[in-house]
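# Coordinate inspection notes
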Amino acid sequence: MPQISLHAQTKKTRAQLEKEKSDIQKRLAEFDQILKRTADTKKSSIGQLNAVNKQLQTRITFINTLSREVSLLNTEIKETENSISSLEKDLKNLKEEYSGMIYTSSKLNSGLTMTMFIFSSTTFKQFYMRLKYLKQYSDARKKQVELINQKTDELAAQRLTLEEKKSEKQLVLNQEQQQKQQLDLAKRQQQGIVNDLSKQEQDLRKKIAAAKKQQENLNSMIKRIIEEEIRLAEAEARKKNSTANKSSGSNIPLTPEAAALSSSFAGNRGKLPWPVESGFISKRFGTHPHPTLKGISEDNDGIDIQTRPNSNVRSVFDGEVTKIFTVPGYGGTIVVKHGEYYTMYSKLKVISVRSGDKVKAKQVLGQVYTNKEGVAEVHFEAWKGLQPMDPSIWLAGR
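My aim in this report is to walk through the structure given alongside it, one point at a time. Predicted, not measured: the structure shown is a model, and the values here were computed from it. (Residues numbered from 1 in each chain as written. Predicted model: local features only at pLDDT ≥ 70, side-chain atom pairs only at ≥ 80, totals over all residues. Heavy atoms only, no water.)

Moving on, we come to the side chain of Gln-215. Secondary-structure assignment places Gln-215 in helix α5 (residues 201-237). Here Gln-215 falls in the buried class, since its relative accessible area comes to 8%. Among residues more than four places away in sequence, those in contact with Gln-215 are Asp-299, Asn-300, Asp-301, Tyr-330, His-379 and Glu-381. (Helix = DSSP H or I, 4+ residues; strand = E, 2+ residues; numbered from the N terminus. Buried < 20%, exposed > 50% of the residue type's maximum accessible area, 1.4 Å probe, protein only. Contact = heavy atoms within 4.5 Å.)

Following this line, the structure appears as structure tokens:
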């Protein structure tokens, strides 16, 4: 395989860095909007702390990206300086060669004009050879002048490039310094929120206990829904001429159409669109320590995604709305069936679909609820039969 030139590699790396910077800046803008809404309530909350923490992580990533860009610019500046040094050397050699040609010409023609040199030939062949020699010599001198001009132009262009890269480096360094200052401000804001929340320990413990009970009620509800789906599917499979059957590894009899949908859902692991267009995971799947209370852990059978107020909540895949219900603490909840897989969307204030509706990927199901602390957060779960799964591994990366 042919080797990729250093210039091409550098160009590709620069393009990747620019894309990374653009993506990070978009996410920072999203988090700023989310944080601003929570800060408007003038009361510290876990949602506000989550937004600050995410903003901090993203800003650190941005600073690291800027540092990589500075390193790359240093490499490019060094390469340009080496190129300038090489061009200066080439130009010096060309000028010396040209000076030598002029000197040789003056020595050859000392006391003898070009015309006399040609017409003093004793034979026609000598006349022809002298004429040819002078033509070649004249062409060589013209070529040398062209090379000198070419190298001079290249040198001027490289010097301009060097100045541009140095200016670009300074801009990136300024941007990096600005981000570090904003990072320090965010860290102080983070500490302030943590201090405020530590004074609300009793209230937080009550909220954690209530949330645990609400999570248990939610899990109980979705399990009953899936158990009923399995019971109905098994009853349908026992009917004469039924096309449903239970494939290997499946907990529920499926028709060929449902089996195809189930297989397609499974094949899109890590590629599913997010249930909201913007936002971040504020609480992950599984058991995790509380962000401010020591010795306290929280369980989550799904993920919570903090987003902008009034954001649309979307189906992550084609399927059928199998149940719509309300659970205290989780508000409006929708369960969508994708063969033997189920996705659940909670904390909705508006629901735009009905039970039995067929939905497509990215179709709007409803609108997220915003609590009194200014936090807009959708709770999202994914199940295979009666087994909850980590939804984050099914969603496309951000």
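Looking now at the pairing of strand β11 (residues 376-384). Summarising burial for β11: eight of the nine residues are buried, a large majority. Looking at chain direction, β11 and strand β12 (residues 387-389) are connected through three bridges and run antiparallel. By the bridge assignment, Lys-384 is partnered in β12 with Gln-387. Counting the residues between successive antiparallel strands, the hairpin from β11 to β12 contains two residues, one of them, Gly-385, with a positive phi of roughly 60°. (Pairing = 2+ DSSP bridges.)

It is generally the case that most residues other than glycine have a negative phi and that most peptide bonds are trans. For Asn-310, which is not a glycine, the phi torsion comes out positive at approximately 70°. With respect to the helices, strands and loops of the structure, Asn-310 is situated in the loop between β4 (303-307) and β5 (312-314). For Asn-310, a relative accessible area of 42% gives the class partly exposed. Phi is positive for Lys-362, close to 75°, though the residue is something other than glycine.

Moving on: the environment of Arg-308. By secondary structure assignment, the location of Arg-308 is in the loop between β4 and β5. By relative accessible area, Arg-308 is classed as partly exposed at 32%. Linking Arg-308 and Glu-277, residues 31 residues apart in sequence, is a C-alpha distance of 9.4 Å. What Arg-308 contacts, discounting residues up to four positions off in sequence, is Glu-30, Gln-33, Ile-34, Ser-278, Val-368 and Ala-376.

If you walk through the whole model with that rule in mind, you get five aromatic pairs. Relative to Tyr-341, the ring of Phe-265 has its centre 4.8 Å away and its plane inclined at 25°; by these criteria the two rings are stacked. Note that Phe-265 is positioned in helix α6 (residues 256-267) and Tyr-341 in strand β8 (residues 341-351), a separation of 76 residues in sequence. Phe-265 gets classed as buried once you look at its relative accessible area, which sits at 0%. With a centroid separation of 5.3 Å and an interplanar angle of 45°, the aromatic rings of Tyr-345 and Phe-380 are classed as tilted. Here Tyr-345 is found in strand β8, whereas its partner Phe-380 is found in strand β11, with 35 residues between them in sequence. Residue Phe-380 is classed as buried on the basis of its relative accessible area of 2%. Here the aromatic cluster, defined as three or more aromatic residues joined through ring pairs, consists of Phe-265, Phe-317, Tyr-341 and Trp-394. Across from the ring centre of Trp-394, 5.8 Å away, lies the NZ or CZ of Arg-269, which sits over that ring. (Phe/Tyr/Trp six-rings, centres within 6.5 Å; stacked < 30°, edge-to-face > 60°. Lys NZ or Arg CZ within 6 Å of the ring centre and 35° of its normal.)

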